[in-house]
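Commentary on secondary and tertiary structure
One-letter residues, chain by chain:
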Amino acid sequence: MLRGVGQRRVTADGVDPRVAELRAAVSRLRRDLAGHRREFADRGIAEDELAALDAMATSGAPEVWRLRRALLLIAGAVGSVSALAEGLAAVRGAVELFGPPVTGGQTPDPPVPGPRAGT
């Protein structure tokens, strides 16, 4: 079956696979966080933002800038907890499936080139 311009791929049950991936990654990190026995200062922030990500995914068509904002807050909250690194990486990968953020109707900035060879 051909899809029209602007249409997204969906699974057999009508769910965008990016949304399914995001929900699975968020669920995993929430479980990892719940199982992490040590307290840390920003745990509540991480829990709140994971709940927000799940709510955005459940709504069906989350806005990329909101996904990235929540990811930034989660990364800041749990970034130093190495036991949560894999789950955080999975959430980041799922957020990236939605594409780069677009602001002000413009295309994102091109990547910054690295140093030149031989300099």
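As shown above, the structure is provided for reference.
All figures in this text were calculated on a predicted structure; none of them were measured in a lab. (Residues numbered from 1 in each chain as written. Predicted model: local features only at pLDDT ≥ 70, side-chain atom pairs only at ≥ 80, totals over all residues. Heavy atoms only, no water.)

Description of the pattern of salt bridges
Going through the model one piece at a time under the given rule, you end up with nine salt bridges. Among the salt bridges present, the one from D32 reaches R28, with a minimum N-O distance of 3.7 Å. Linking D32 with R28, this pair stays in helix α1 (residues 17-35), spanning four residues, or about one helical turn. For D32, a relative accessible area of 26% puts it in the partly exposed group. A relative accessible area of 29% places R28 in the partly exposed class. The closest approach of N and O atoms between R43 and E47, which form a salt bridge, is 3.4 Å. With R43 and E47 both in helix α2 (residues 43-59) and four residues apart, the pair spans about one turn of that helix. (Salt bridge = Lys/Arg side-chain N within 4 Å of Asp/Glu carboxyl O. Helix = DSSP H or I, 4+ residues; strand = E, 2+ residues; numbered from the N terminus. Buried < 20%, exposed > 50% of the residue type's maximum accessible area, 1.4 Å probe, protein only.)

Observations concerning the packing of α2 against helix α3 (residues 64-78)
Following both chains from N to C, one finds α2 and α3 inclined at 155°, their axes separated by 9 Å at the closest point. By the criterion of interaxial angle, the relationship of α2 to α3 is roughly antiparallel. The interaxial crossing formed by α2 with α3 has left-handed handedness. On α3, the residues that touch I45, A46, E49, L50, L53 and M56 of α2 are R66, L67, R69, A70, L73, I74, A77 and V78. Across the contact of α2 with α3, the residue classes break down as eleven nonpolar, no polar and three charged. (Axes fitted to C-alpha atoms, helices over the stretch in contact; angles between N-to-C directions. Parallel < 35°, antiparallel > 145°, perpendicular 65-115°, else oblique. Left-handed = near helix turned anticlockwise from the far one by under 90°. Contact = heavy atoms within 4.5 Å. Nonpolar A, V, L, I, M, F, W, Y, C, P; charged D, E, K, R; others polar.)

Observations regarding the nonpolar core
Counting 26 residues, the largest nonpolar core has L22, L53, V78 and V91 as its most contacted members. Of all the secondary-structure elements, those providing two or more residues to this core are α1, α2, α3 and α4 (85-96). Per-element accounting of this core gives the leading share, seven residues, to α3. In this structure L22 touches L53, A57, L67, A94, V95 and F98, once residues within four positions along its chain are discounted. (Core = buried A, V, L, I, M, F, W, Y, C linked by side-chain atoms within 4.5 Å.)

In short, shape yes, function no, at least from these values alone.
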